[in-house]
Amino acid sequence: MTGGAKTDDDKKVALVTGASRGIGMGIATALAGAGYYVVGTATSTEGAASISTALGANGEGVVLRSDVADDVTDLFAHCKQGCGLPLVVVNNAGVTQDNLLLRMSEQEWQSVLQTNLGLLFSVSKAALKGMMKARWGRIINLSSVVASMGSPGQANYAASKAGIEGFTRSLALEVASRNITVNSVAPGFIETDMTAALTEEQTQQALSRVPLARMGSTQDISAAVSYLASEDAGYITGTTLHVNGGMYLG
Ligand SMILES: NC(=O)c1ccc[n+]([C@@H]2O[C@H](COP(=O)([O-])OP(=O)(O)OC[C@H]3O[C@@H](n4cnc5c(N)ncnc54)[C@H](OP(=O)(O)O)[C@@H]3O)[C@@H](O)[C@H]2O)c1
């Protein structure tokens, strides 16, 4: 990694994992529009470069992979030297590897937990130091409607997302006294590469369960995340905000 760009003194830094496409790219763009300097992550140098291009002077892309132990340390050292430590962290990077449990391999189980929960642990832990010092912070974690509803063929993914919601509640209680809020956003059925992998039949079946009768957009999610990152949401912590078109009502 090279040195990050210097930002205006009063510009807060936001870190968005998995910002190369889909929901993460939507969130990174929205936070840049809201005045943050955004550090977005991708798993490849090409992905990182495309984030830098998309964000221009308002941010940059860096490489972060859940299976490379030093990546989180390097990322925070890079921020510290350059733009500053992030006071808003959006743990968005996530993967699916679907299979019925009877056929699910150890690798399919472990890799989903490592990316969806392992990265959340190491990024959140690394981010807390700067937030505690600033006595202000926002951690926003991307869960999923399947954490509440379950989903056949997704025991690994649903376990990781339900884990994220429990993590959110526990960490919220740990850091509330430092004026740091921790919340989850649970999207329903959103139009991205993740859902593009579904067959037409699976898509129609999922849509039939959405009362608002449409797939969600990345903007539907970035609006919720931007709100939780804002000063206006300062009294909301430990909660899960469902953004699912009525698919799950709690
Ligand atoms: N789409 C939906 O309907 C939906 C519904 C509920 C919840 N969600 C959640 O929302 C989040 C974003 O979903 P999405 O649909 O936008 O996903 P996506 O389009 O598949 O993008 C996934 C992002 O995660 C990054 N990533 C993948 N593997 C990684 C790894 N091992 N280490 C670090 N980063 C990794 C990817 O980077 P590269 O581009 O470099 O691969 C990419 O930026 C996920 O947490 C997902 O579970 C999505």
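Note that the coordinates shown come from a computational prediction; the quantities given were computed from them, not determined experimentally.

Asker: Please clarify how helix α2 (residues 45-55) should be interpreted in this entry.
Answerer: Note that an α-helix has 3.6 residues per turn; residues three or four places apart therefore point the same way. Restricting attention to buried positions, one finds in α2 the residues Gly47, Ala48, Ile51 and Leu55. Along α2, the residues classed as buried sweep out an arc of 100 degrees about the axis, all on the same side. Exposed positions of α2 whose direction lies more than 90 degrees from the buried face are Thr45, Glu46 and Thr53. Looking at the buried side of α2, the elements it contacts are α1 (22-33), β2 (37-42) and β3 (59-63). Count one or two residues on from α2 and you reach glycine 56, which has phi positive near 55 degrees.

Asker: Would you take a moment to explain the site of the ligand for this structure?
Answerer: Taken together, 30 residues lie around the ligand, and Gly18, Gly22, Gly94, Thr192 and Met194 are the ones closest in. At the level of secondary structure, the elements contributing two or more residues to the shell around the ligand comprise α1, α4 (106-134) and α7 (193-196). For the shell around the ligand, the residue count by class is 12 nonpolar, 14 polar and four charged.

Asker: For this particular structure, what's the right way to read the sheet that holds strand β7 (residues 240-243)?
Answerer: What links the strands of a sheet is backbone hydrogen bonding, and the strands pair in either a parallel or an antiparallel sense. Read across the open sheet, the seven strands follow the order β3-β2-β1-β4-β5-β6-β7; overall the sheet is parallel. Because the sheet does not close on itself, it has two edges, and the strands there are β3 and β7. On average, each strand axis in the sheet is tilted by 20 degrees relative to the strand beside it, whichever way the strands run. In this fold helix α9 (residues 218-229) packs onto β1 (13-16), β4 (88-91), β5 (137-142), β6 (180-187) and β7, with an angle of close to 165 degrees to the strand it touches most, β6.

Asker: Is there a simple way to think about the nonpolar core in this case?
Answerer: Nonpolar side chains in soluble globular proteins generally cluster together in the buried interior. Among the nonpolar cores identified, the biggest contains 60 residues, and Ala14, Ala28, Leu31 and Val38 are the most heavily contacted of them. The leading source of residues in this core is α1, at seven residues. Beyond its immediate chain neighbours, meaning those up to four positions away, alanine 14 contacts Leu31, Tyr36, Val38, Pro86, Val88, Val90 and Ala229.

Asker: Any chance you could explain the packing of α1 against α9 here in plain terms?
Answerer: Each packed pair of helices is defined by two parameters, the angle between the axes and the distance between the axes. Packing of α1 against α9 brings their axes to within 8 Å, and their N-to-C directions diverge by 50 degrees. The angle between α1 and α9 places the two elements in the oblique class. Crossing of α1 against α9: the hand is right-handed. Residues Gly22, Ile23, Gly26, Ile27, Ala30 and Leu31 of α1 touch α9, and the partners they reach there are Thr218, Gln219, Ile221, Ser222, Val225, Ser226 and Ala229.

Asker: Help me out: how do you make sense of the pairing of β2 in this one?
Answerer: Residues in a regular strand project their side chains so that they alternate between the two faces of the sheet. Judged by how many residues are buried, β2 sits mostly within the fold: six of six residues are covered. Burial along β2 is two-sided: the face carrying Tyr37, Val39 and Thr41 and the face carrying Val38, Gly40 and Ala42 are both buried. Taken together, β1, α1 and β2 form a β-α-β motif whose crossover is right-handed. Here five bridges tie β2 to β3, and the two strands are oriented parallel to one another.

Asker: Quick question: what am I supposed to make of the environment of alanine 28 here?
Answerer: Tracing the chain through its elements places alanine 28 in helix α1. With 32 C-beta atoms packed within 10 Å, alanine 28 lands in the buried category. As for alanine 28 and glycine 59, which are separated by 31 residues in sequence, their C-alpha atoms are 8.7 Å apart. Not counting chain neighbours up to four residues away, the residues in contact with alanine 28 comprise Val16, Ala19, Val38, Gly40, Ile51, Leu55 and Gly59.

Asker: Please explain the confidence of the model for the protein as it appears in this structure.
Answerer: Of the residues in the protein, 96% reach a pLDDT of 70 or more, and the chain-wide mean stands at 95. Note that pLDDT drops below 50 for residues 1-6; the model gives that stretch 16 contacts with residues more than four away or on any other chain.

Asker: What exactly am I supposed to notice about unusual backbone geometry here?
Answerer: Most peptide bonds take the trans form, and the phi angle of most residues other than glycine is negative. The phi dihedral of arginine 135 falls on the positive side, at around 55 degrees, and the residue is not glycine. Position of arginine 135 relative to the elements: it lies in the loop between α4 and β5. On the neighbour-count criterion, arginine 135 (10 C-beta atoms within 10 Å) is exposed. The phi dihedral of alanine 213 is positive, around 55 degrees, even though this residue is not glycine.

Quick notes on the rules
Residues numbered from 1 in each chain as written. Predicted model: local features only at pLDDT ≥ 70, side-chain atom pairs only at ≥ 80, totals over all residues. Buried ≥ 20, exposed ≤ 12 C-beta atoms within 10 Å, placed from the backbone. Helix = DSSP H or I, 4+ residues; strand = E, 2+ residues; numbered from the N terminus. Arc of directions from axis to C-beta. Contact = placed C-beta atoms within 7 Å. Near = placed C-beta within 6 Å. Nonpolar A, V, L, I, M, F, W, Y, C, P; charged D, E, K, R; others polar. Pairing = 2+ DSSP bridges. Axes fitted to C-alpha atoms, helices over the stretch in contact; angles between N-to-C directions. Core = buried A, V, L, I, M, F, W, Y, C linked by C-beta atoms within 7 Å. Parallel < 35°, antiparallel > 145°, perpendicular 65-115°, else oblique. Left-handed = near helix turned anticlockwise from the far one by under 90°. Right-handed = clockwise from strand over helix to strand, strands pointing away. pLDDT = per-residue confidence, 0-100.

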